Every structure is written in structure tokens, then in C-alpha cells.
Amino acid sequence: MDSKAGDLFSAENAPPTGTGGTGMLAKLWLPKGLSASVAKEWFDRRRLSIRPWASFVDQRKFSKPRNFGELCQRVVKNVEVYNSNYTFIFLGLILYCIISSPMLLIALAVFAGAFYIIHLKSLESKLVLLGKELTVPHQMSLAGLISLPVFWLAGAGAAVFWVFGATLFVIGSHAAFRQLEGSDLDELLMEPV
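Residues numbered from 1 in each chain as written. Predicted model: local features only at pLDDT ≥ 70, side-chain atom pairs only at ≥ 80, totals over all residues. Heavy atoms only, no water.

(A) Expanded view of the UniProt feature "transmembrane region" (unreviewed entry) in the protein chain. Residues annotated by UniProt as "transmembrane region" (unreviewed entry) correspond here to residues 88-118 and 150-171. Secondary structure across residues 88-118 divides into 94% helix and 0% strand, with the first and last C-alpha atoms of the span separated by 32 Å. The span residues 150-171 carries 95% helix and 0% strand; its end-to-end C-alpha distance comes to 31 Å. (UniProt positions renumbered as here; feature names shortened; annotations may be inferred. Helix = DSSP H or I, 4+ residues; strand = E, 2+ residues; numbered from the N terminus.)

See the structure below:
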């Protein structure tokens, strides 16, 4: 197991980030297959596919569905059409939850700090515990276990359920009550069986 080929957090396997290999982004280590450019690409694609927010919240386009079939059609089509808008609503709710809870912010800082310290220490020398060498993923798991009580004290479990509940309520309500456009209705008409 001396090979680092399977090491997800190896600095040697990390793709170059930033400009010219200097700056904060170049020093940031990310798991193999995930780089700052991939994250930026994903974010840019989402940003470009956002439907106009004025149309998204236009109150004239909301109504009660006539039946359960129409409700299901609205949810399916609106989730497809407003996928990027819903993603940014989800990210906004996460950000709100983190900012509104100082303890959770501290817990996340402790968690990120532990990962960063372990990364720096693993670059200097190998960590040996009870005569066994710990690989970087094992070290990261250990940092996660150490951070668990801090997250518990910060109420992270409640925050996760709040974010998911609020997201389902907001997105579900919008998708269910937002009327479909005329062209969307033509696509969803099905033949009776």
C-alpha cells in the first residue's frame, strides 16, 4: 500500500488550479476528479440556464391544480424547466442556515481546519497510530469523527432537516401551483390507456 495511485487526496494527483500555480486556489487541495475549474463550470452552466426570476415569481401564473393528474404534470414539468432556479434556492437556504447559526459556522470552521491541518501534516510525514500507518482517507475519517461532537453541539442535524424541509416546501409549492406554459401542455398530453 505504498502506492499513492488510489489516494484520493494526494497533492501529486491534484489538478492544477488557479493561475500560474500561485495564489490561494493553487494551494487548495481537492479530491481527485474535483477541481476548481469543474466546480466553476458547473456553477456557470447553472447560472446560464436560470429562467428569469420575474417570470419565476409572477403571481398571475399561479393557480390551484384541478386534479391530482394536473398537479403531477405541473411538478414534473416545472422541476425540469426551473431546475437551476431551484438549485439556487436550495443553495440560498443552506447559506441562510449557516449564517443564521453562529455555532454551526464555528463547527464548519473547525471541520475545515481539521481537514486542512491533516493535509499539511500528511505532506510533511506519515501519521502512525498504534504502530500502523494511517492513510490520508483514514486521517480524514478520524478528523470527521473528532468533529462530530462539535456538529452535534451546533445542532447540525436539525439544520440539515430544516434545509431539506424548507427546500421541499418552497420548491414543491412552486412546482405544484405554477401553471404550465401553452407549449408545455402540448408535450404532456397523453393518450388514455
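(B) Structural context of helix α8 (residues 156-177). Between its terminal C-alpha atoms α8 stretches 31 Å, which fits the 32 Å expected from 22 residues at 1.5 Å a residue. Taken together, the buried positions of α8 are occupied by A156, A159, V163, A166, T167, I171, H174, A175 and A176. Residues of α8 that are buried sit in contact with α3 (53-56), α4 (68-81), α5 (83-99), α6 (102-124) and α7 (136-154). (Expected span 1.5 Å × (residues − 1). Buried < 20%, exposed > 50% of the residue type's maximum accessible area, 1.4 Å probe, protein only. Contact = heavy atoms within 4.5 Å.)

(C) Local environment of the packing of aromatic side chains. Across all of its chains, the model carries 7 aromatic pairs by this definition. When the ring of Y96 is compared with that of W162, the centres are 5.8 Å apart and the planes differ by 40°; the resulting orientation is tilted. Of this pair, Y96 sits in helix α5 while W162 sits in helix α8, and the two are 66 residues apart along the sequence. Classification of Y96 by relative accessible area gives exposed; the value is 51%. Every member of this aromatic cluster is reached through a ring pair, and the members are W53, F56, Y82 and Y86. The ring centre of Y82 lies 5.7 Å from the NZ or CZ of R51, which sits over that ring. (Phe/Tyr/Trp six-rings, centres within 6.5 Å; stacked < 30°, edge-to-face > 60°. Lys NZ or Arg CZ within 6 Å of the ring centre and 35° of its normal.)

(D) Spatial organisation of the environment of R178. If you trace the backbone, R178 turns up in the loop between α8 and α9 (182-188). Taking relative accessible area as the criterion, R178 reaches 1% and is therefore assigned buried. In this structure the C-alpha to C-alpha distance between R178 and Q59, which are 119 residues apart in sequence, comes to 8.7 Å. When sequence neighbours within four positions are dropped, the list of residues in contact with R178 reads S55, F56, K61, F62, R74, N78 and Y82. From its side chain, R178 meets the backbone oxygen of S55 in a polar contact 3.1 Å long. Looking at R178, its side chain comes within polar contact range of the side chain of Y82, at 2.6 Å. (Polar contact = N/O pair within 3.5 Å; in protein donor to acceptor, adjacent residues only side chain to side chain.)

(E) Fine view of the layout of surface pockets. Considering only enclosed or pocket space, the second largest pocket measures out at about 180 Å³ in volume. Lining of the second largest pocket is provided by F90, I94, C97, I98, L104, L108, A156, A159, V160, V163 and F164. Contributions of two or more residues to the lining of the second largest pocket are made by α5, α6 and α8. If one sorts the elements of the lining of the second largest pocket by residue count, α8 sits on top with 5 residues. For the lining of the second largest pocket, a count of residues per class yields 11 nonpolar, no polar and no charged. (1 Å grid on protein atoms, 1.4 Å probe; cavity = no way out; pocket = protein on both sides within 12 Å on 5 of 7 lines; lining within 4 Å. Points joined across faces, edges and corners; volume = space filled by probe spheres on them. Nonpolar A, V, L, I, M, F, W, Y, C, P; charged D, E, K, R; others polar.)

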